[in-house]
Amino acid sequence: MDPQPTISLFPQHILLVEDDEVFPRLIAAWLHFDWPLETTLRVAPTLQEGLTLLHSHPIDIAIVDLAMPAAPAPDLRTTRGLDVPLALLQSLPAGAPPLPMVVLTGSAPSTLAYQALAMGVEEFLLKETPDLRHALRTALLRAWARHRYLQGLMATLREVPTG
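Basis of the calculations
- Residues numbered from 1 in each chain as written.
- Predicted model: local features only at pLDDT ≥ 70, side-chain atom pairs only at ≥ 80, totals over all residues.
- Heavy atoms only, no water.
- Helix = DSSP H or I, 4+ residues; strand = E, 2+ residues; numbered from the N terminus.
- Buried < 20%, exposed > 50% of the residue type's maximum accessible area, 1.4 Å probe, protein only.
- Contact = heavy atoms within 4.5 Å.
- Areas by Shrake-Rupley, 256 points an atom, 1.4 Å probe, with all protein chains shown as cover.
- Polar contact = N/O pair within 3.5 Å; in protein donor to acceptor, adjacent residues only side chain to side chain.
- Core = buried A, V, L, I, M, F, W, Y, C linked by side-chain atoms within 4.5 Å.
- Salt bridge = Lys/Arg side-chain N within 4 Å of Asp/Glu carboxyl O.
- Pairing = 2+ DSSP bridges.
- Right-handed = clockwise from strand over helix to strand, strands pointing away.

**Q** Would you take a moment to explain the overall build of the chain for this structure?
**A** Helix and strand counts for the chain stand at five helices and five strands. The linear arrangement of helices and strands in the chain, starting from the amino end, is β-α-β-α-β-α-β-α-β-α. Each of the 163 residues in the chain was classed as buried or not, and the buried ones make up 37%. Partitioning the contacts of the chain with sequence separation of at least 6, the portion at a separation of at least 24 is 66%. A total accessible area of about 9300 Å² is found for the chain, and carbon and sulfur atoms account for 58% of it.

So this is what it looks like as structure tokens:
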């Protein structure tokens, strides 16, 4: 039996798809002070740049905004609403592990939050959330814990003899 690779208790490579200039600096500061590990935060101000970073760097988890500036993308006319997380999820290579994702947005109707969660987004936060620093940290840890659990479960199921 081959040993399974260990997965860190904390995500170390975070992709932030966010067009606002303030939030990336704020989140970087929070991670610096709150995270027990050295963390790489890669920031993409457009969906197109987010897709490029996702495919050119190791990414453990993504934080995405829903309202992004329109950017040319192969199969997208707009990058509003669920287009941003959907494009990131659909761009993963076949057989790749799922990308845990936290939506962090300025405003959205509750129906959009339910749709996002149904399509695979792990957590959905509004930027106006009281104590956003703590809420985002908790959301990232919960999303990462679910991801680690599912990865371990899938590894175990692959080892179960069939037939």
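Text resumes after the structure shown.
**Q** What's the story with the side chain of Lys127 in this structure? I'm lost.
**A** On the secondary structure map, Lys127 appears in the loop between strand S5 (123-126) and helix H5 (132-159). For Lys127, a relative accessible area of 16% gives the class buried. At 3.3 Å, the side chain of Lys127 forms a polar contact with the side chain of Asp65. Beyond its immediate chain neighbours, meaning those up to four positions away, Lys127 contacts Glu18, Asp20, Phe23, Asp65, Leu104, Thr105, Gly106 and Leu132.

**Q** I keep staring at the nonpolar core and nothing clicks. Help me out?
**A** As a rule of thumb, soluble globular proteins bury nonpolar side chains together. Judged by nonpolar contacts, the single largest core of 24 residues is most densely connected at Leu15, Val17, Val64, Leu88 and Met101. When contributions to this core are tallied by element, the ones reaching two or more residues are strand S1 (13-17), helix H2 (47-56), strand S3 (61-64), helix H3 (83-90), strand S4 (101-105) and helix H4 (110-118). Ranked by the residues each element gives to this core, the list is headed by H2, at four residues. The residues contacting Met101, other than those within four sequence positions of it, are Ile61, Ala62, Val64, Pro85, Leu88, Leu89, Val121, Glu122 and Glu123.

**Q** Looking at this structure, how should I read the pattern of salt bridges?
**A** Side chains carrying opposite charge are able to pair once their charged atoms draw close together. Enumeration over the complete set of coordinates arrives at six salt bridges. Where Asp34 meets Arg133, a salt bridge forms, and the shortest distance between an N and an O atom there is 2.7 Å. Within this pair, whereas Asp34 is found in helix H1 (residues 22-34), its partner Arg133 is found in helix H5, the two being separated by 99 residues in sequence. When its relative accessible area of 22% is taken as the criterion, Asp34 is described as partly exposed. Here Arg142 ties to Glu123 by a salt bridge, and the two come within 2.7 Å at their closest N and O atoms. Taken as a pair, Arg142 in helix H5 and Glu123 in strand S5 lie far apart in primary sequence, 19 residues in all. Residues participating in the shared-partner salt-bridge network are Glu122, Glu123, Arg142 and Arg146.

**Q** What's the story with the pairing of strand S2 (residues 40-44) in this structure? I'm lost.
**A** Taken residue by residue, a regular strand's side chains alternate between the two faces of the sheet. Sheet analysis places S1 next to S2, joined by five bridges and oriented parallel. For Ile14, the partnering residue across the bridge sits in S2 and is Leu41. In the classification by handedness, the crossover that spans S1, the intervening H1 and the parallel S2 is right-handed.

**Q** Is there a simple way to think about the environment of Phe124 in this case?
**A** If you trace the backbone, Phe124 turns up in strand S5. Distance from Phe124 to Asp65, taken between C-alpha atoms, is 9.9 Å for residues 59 residues apart in sequence. Aside from chain neighbours lying at most four places away, what touches Phe124 is Leu66, Val103, Thr105, Ala108, Leu112, Ala113 and Ala116.

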